[in-house]
Amino acid sequence: MSLTTHAAKGSASSTPYQLDPEQTLKASKALLDHLRAETERLQASATKQSLLKGGDSDSEDNESAGDETPIWLSLTTKQHIVDKNRLKPSKITVPNSLNTSPDLNICIIAADPQRALKNVIADDSFPSELAARITRIIGLTKLKARYKSFEQRRALRDEHDIFLADDRIVTRLPDALGKVFYKSTSKRPVPIRIADLKRVDGKRVKPEKNKKKSAEEKSSAVSSPAVVAKEIKRAIDAVSVHLKPGTNVAVRVGLASFSPDQLADNISIVTKNIIENHVVKGWRNVRSIHVKSPTSTALPIWLADELWADEGDVQESGPAIEVDGETLKRKRNQSSHKGPQAGQRKKAKTGEAIANAGRKQRLAAEKEKAFTSAAKAVIV
C-alpha cells in the first residue's frame with residue numbers, strides 16, 4: 001500500500017519559520033487515508049480467516065481498534081532541548097481531544113491523605129458524568145504498599161485508560177510505578193493541580209516551613225469541587241509533552257478516527273506550543289517536523305534550510321599549512337587587521353560565503369529529495 005501526498009514538496013517553498021497549513025492538511029489526509037486502507041485490508045483478511053474457520057467475525061472489534069490507532073508528531077531540533085529528564089510533563093490543550101470515549105476509565109493518584117480528594121469527588125456539586133469515569137483514587141502511600149511487583153503494576157496499568165496524579169507528588173511516581181509505566185509515554189500519569197492554594201491579592205502565599213498541619217488542615221488541602229473538576233477535564237482534553245535529553249520530542253496528536261482538519265488543527269496547536277515554550281531559540285533551532293503512525297513512514301511537514309541554529313555555530317576554516325606531509329589548519333590571529341593575514345582573512349571570508357551558499361543549495365536539494373521520497377514511500 002503506497003502512502004502519497006499530492007504536493008508533499010509544498011513545504012520546501014513555504015514561509016521559513018511557520019507551518020504551511022496546506023502542507024499540514026495534505027500530510028494529515030494522506031496519513032489518515034493510509035491508516036483507513038490498512039484497517040480495511042486487515043478486516044478483510046480477518047473475515048476470510050474467520051469464514052475458513054467457521055467462526056464469527058470480529059470485524060467490529062478490529063474496526064474499533066483501528067480507530068484508536070495513535071498519530072504522533074515528531075519534532076527534531078538542531079540542539080538539545082533539555083539537558084536532563086523532566087519527570088513532570090507539561091500539558092497542551094488541543095481543540096480535538098483524544099479522550100472522548102464515555103467509557104473512559106480514569107485512575108487518580110492522590111497525595112496523602114487520599115480521603116480529601118475522595119470527599120471532593122463525592123460531593124453533590126461535582127459533575128456526575130465526570131465522577132462516573134473516575135473508577136479509582138489511590139494515595140501515594142497505599143500505592144507503594146500494594147503495588148510492589150511487576151505483575152501488580154502491570155495489572156494496575158491495564159485496568160485503566162488514563163492516569164492522573166496530584167502535581168505535588170508526580171516527581172515521586174517513577175520510583176513507585178517503575179518502568180512498567182515509564183517505559184513508554186502512553187500510561188504515564190498526567191499532573192493535575194488540585195491543591196488548595198492560599199492567595200492574597202491574587203498572589204500565591206507559600207506555606208510556612210516546619211509547621212505541622214492537623215488532620216483537618218490536611219483534609220482541606222484540596223480545592224473546591226468546581227476547581228478539581230475543571231482541572232481533571234483540562235488534563236483529559238490535553239496532550240502530554242515528555243522532555244528528555246536529545247534533539248527529538250514525540251507527542252501524540254491524534255487518532256485514526258480523526259478527520260484531516262481535526263488532525264491538522266491539533267498539529268498546528270501542539271507545534272506552536274512546543275516551539276514557543278520548550279525550544280530554545282525558537283524556530284531557528286527546529287530542524288524538521290514529521291507526522292506518523294506506529295506502522296507508517298514519517299511524512300515531513302516542515303524541513304529547515306540550514307543545519308545550524310546560529311551563524312556563529314558555523315566555524316570558519318583557516319588557511320591550510322603542510323607539516324611533515326600532513327595538511328593542517330592554521331588558527332588565524334583574529335585581532336590582526338594589517339599585514340598579509342588581513343588579505344588572507346578577507347579571502348577566507350569570501351570563500352566561506354561561497355561555501356555557505358553551496359551548502360544551502362545542497363541542503364535545498366536534499367530537502368526537495370526528502371519530500372519527493374515521502375510522496376513515493378511504500379508502506380510494508
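Residues numbered from 1 in each chain as written. Predicted model: local features only at pLDDT ≥ 70, side-chain atom pairs only at ≥ 80, totals over all residues. Heavy atoms only, no water.

For the chain, the name recorded in an unreviewed UniProt entry is Ribosomal protein L1, with Cyphellophora europaea as its organism.

A few words now on the overall build of the chain. Helices and strands together make up the secondary structure of the chain, namely twelve helices and 14 strands. For the chain, with 380 residues in total, the buried portion stands at 41%. A separation of at least 24 residues holds for 77% of the contacts in the chain among residues at least 6 apart in sequence. Element-wise, carbon and sulfur atoms account for 50% of the exposed surface of the chain, whose accessible area totals about 22,300 Å². (Helix = DSSP H or I, 4+ residues; strand = E, 2+ residues; numbered from the N terminus. Buried < 20%, exposed > 50% of the residue type's maximum accessible area, 1.4 Å probe, protein only. Contact = heavy atoms within 4.5 Å. Areas by Shrake-Rupley, 256 points an atom, 1.4 Å probe, with all protein chains shown as cover.)

Summed over the entire model, instances satisfying the criterion amount to two aromatic pairs. Relative to Phe181, the ring of Phe163 has its centre 5.0 Å away and its plane inclined at 85 degrees; by these criteria the two rings are edge-to-face. With a gap of 18 residues between them, Phe163 in strand E5 (residues 162-166) and Phe181 in helix H8 (residues 179-182) connect regions that are remote in the sequence. You'll find Phe163 and Phe181 in the same group, each marked buried. (Phe/Tyr/Trp six-rings, centres within 6.5 Å; stacked < 30°, edge-to-face > 60°.)

This brings us to the side chain of Asp20. For Asp20, the position within the fold is in the segment before helix H1 (21-53). Buried charge Asp20 goes without a salt bridge, the closest partner of opposite sign being Lys26 at 7.4 Å. (Lys, Arg positive; Asp, Glu negative; His and termini not counted. Salt bridge = Lys/Arg side-chain N within 4 Å of Asp/Glu carboxyl O.)

Now for the side chain of Ser296. Tracing the backbone through its elements, the reader meets Ser296 in the loop between strand E11 (286-292) and strand E12 (299-303). A polar atom in the side chain of Ser296 sits 3.0 Å from the backbone nitrogen of Ser293. (Polar contact = N/O pair within 3.5 Å; in protein donor to acceptor, adjacent residues only side chain to side chain.)

Before going further, it helps to examine helix H3 (residues 115-122). Along H3, the residues classified as buried are Ala116, Leu117, Val120 and Ile121. The buried residues of H3 occupy an angular sector of 130 degrees when projected down its axis, which confines them to one face. (Arc of directions from axis to C-beta.)

This part is about the confidence of the model for the chain. When the pLDDT values of the chain are averaged, the result is 78; 68% of them are 70 or greater. Long-range and interchain partners of residues 4-15, a stretch whose pLDDT sits below 50, account for 27 contacts in this model, where long-range means more than four residues apart. In this model residues 214-219 is a low-confidence stretch, pLDDT under 50, and it forms five contacts with partners more than four residues away in sequence or in other chains. (pLDDT = per-residue confidence, 0-100.)

Summed over all chains, the structure comprises 13 salt bridges. With a shortest N-O distance of 3.8 Å, Asp167 and Lys88 are connected by a salt bridge. Of this pair, Asp167 sits in the loop between E5 and helix H7 (173-177) while Lys88 sits in the loop between strand E1 (70-77) and strand E2 (90-93), and the two are 79 residues apart along the sequence. Overall, Lys88 belongs to the partly exposed group, its relative accessible area being 39%. Between Asp167 and Arg193 there is a salt bridge; the shortest N-O distance is 3.4 Å.

Generally speaking, nonpolar side chains in soluble globular proteins are found buried as a group. Val270, Ile274 and Ile289 are the most contacted members of the largest nonpolar core, which has 37 residues in total. Of all the elements in the fold, those that place two or more residues in this core are H1, E1, strand E9 (238-241), strand E10 (248-255), helix H11 (260-277), E11 and E12. Leave out the neighbours within four places in its chain, and Val270 touches Leu73, Ile92, Val94, Val239, Val251 and Val253. (Core = buried A, V, L, I, M, F, W, Y, C linked by side-chain atoms within 4.5 Å.)

Taken in spatial order, the four strands line up as E10-E1-E11-E12 in an open sheet, and their pairing is antiparallel. One side of each edge strand has no neighbouring strand; the edge strands of this open sheet are E10 and E12. Here the strands of the sheet are splayed against their neighbours by 20 degrees on average, with no regard to which way each runs. Of the pairings in the sheet, the one linking E11 to E12 comprises four bridges and is antiparallel in character. What sits directly across from Ile289, in E12, is Trp302. (Pairing = 2+ DSSP bridges. Axes fitted to C-alpha atoms, helices over the stretch in contact; angles between N-to-C directions.)

For the rest of this paragraph, the subject is helix H10 (residues 225-236). Between the first and last C-alpha of H10 there are 16 Å, a value that for twelve residues agrees with the 16 Å anticipated at 1.5 Å per step. Restricting attention to buried positions, one finds in H10 the residues Pro225, Val228, Ala229, Glu231, Ile232, Ala235 and Ile236. Projected down its long axis, H10 carries its buried residues within an arc of 165 degrees, all on one side. For H10, the exposed residues lying more than 90 degrees away from the buried face are Ala226 and Lys230. (Expected span 1.5 Å × (residues − 1).)

This part covers the sheet that holds strand E3 (residues 106-110). Taken together, the four strands give an open sheet; going across it, the order is E4-E3-E5-E6, and neighbouring strands pair in parallel fashion. Two strands close off the open sheet at either side, each with one partner strand: strand E4 (134-139) and strand E6 (190-192). Pairs of neighbouring strands in the sheet enclose a mean axial angle of 25 degrees, with direction left out of account. Taken together, the five bridges between E3 and E4 define a ladder with parallel strand orientation. Of the residues in E4, the one forming a bridge with Ile106 is Ile134. Strand contacts of H10: E3, E4, E5 and E6, with the helix running at about 155 degrees to E6, the strand carrying the most contacts.

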